[in-house]
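Breakdown of the fold
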Amino acid sequence: MIYKVSYVVLGGRHPGAILNQDTPPRLGEVVVFGEDRFEVVEVADLIPPHGDFAYLHVTLRPLTGEGREH
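Residues numbered from 1 in each chain as written. Predicted model: local features only at pLDDT ≥ 70, side-chain atom pairs only at ≥ 80, totals over all residues. Heavy atoms only, no water.

Here we look at the packing of aromatic side chains
Applying the stated criterion across every chain, the model contains 2 aromatic pairs. Between the aromatic rings of Tyr-7 and Phe-33, the centroid separation amounts to 5.5 Å while the plane-to-plane angle is 75 degrees, which identifies the pairing as edge-to-face. In this pair, Tyr-7 is assigned in strand S1 (residues 2–9) and Phe-33 in strand S3 (residues 30–33), connecting sequence segments 26 residues apart. Residue classification places Tyr-7 among the buried residues on the basis of a relative accessible area of 4%. Of the residues examined, Phe-33 reaches a relative accessible area of 14% and is grouped as buried. Here the aromatic rings of Phe-33 and Phe-38 are separated by 5.7 Å at their centres, their planes lie at 50 degrees, and the arrangement is tilted. Assigned by exposure class, Phe-33 and Phe-38 land together as buried. Put simply, the rings of Tyr-7, Phe-33 and Phe-38 touch in pairs and so form one group of aromatic residues. (Phe/Tyr/Trp six-rings, centres within 6.5 Å; stacked < 30°, edge-to-face > 60°. Helix = DSSP H or I, 4+ residues; strand = E, 2+ residues; numbered from the N terminus. Buried < 20%, exposed > 50% of the residue type's maximum accessible area, 1.4 Å probe, protein only.)

Written out as C-alpha cells, the structure reads:
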C-alpha cells in the first residue's frame, strides 16, 4: 500500500507537505521536515483507499527541545 499523506501544520508557521509513504503516520509520532520537528496529533482518511493507494490528512503540532510548542 502507498500512503499519499497531506501534512498540515497547526499555527501556519510551516507550509506542510504532501508525501508518498510506505507506512501510515501514527498519533504521537514525530515527523521531521529539515530542522523542524512536529508531533502527529490527528490522522484522517481523505477518501476510502483505492487500489494500492490510501489518502490521508495529518495534522501536526510544532515541537522544540523537549516536545514543547513554538
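Considering the environment of Leu-56
Of note, Leu-56 is situated in strand S5 (residues 53–63). Its relative accessible area of 5% is what places Leu-56 among the buried residues. Counting along the chain gives 38 residues from Leu-56 to Ile-18, while the straight-line C-alpha distance between them is 9.7 Å. Ignoring any residue separated from it by four or fewer positions in sequence, one finds Leu-56 in contact with Tyr-3, Lys-4, Val-5, Ser-6, Pro-24, Pro-25, Val-43, Ala-44, Asp-45 and Leu-46. (Contact = heavy atoms within 4.5 Å.)

Considerations on the sheet that holds S3
Judged by pairing direction, the sheet is mixed, and its 5 strands sit side by side in the order S2-S1-S5-S4-S3 without closing on themselves. Each of the sheet's edge strands pairs with one partner strand only, and the pair in question is strand S2 (17–21) and S3. The mean angle between the axes of side-by-side strands here comes to 40 degrees, regardless of whether they run parallel or antiparallel. Note that S1 and S5 share 8 bridges and pair parallel. Within the sheet, the bridge partner assigned to Val-8 lies in S5 and is Thr-59. (Pairing = 2+ DSSP bridges. Axes fitted to C-alpha atoms, helices over the stretch in contact; angles between N-to-C directions.)

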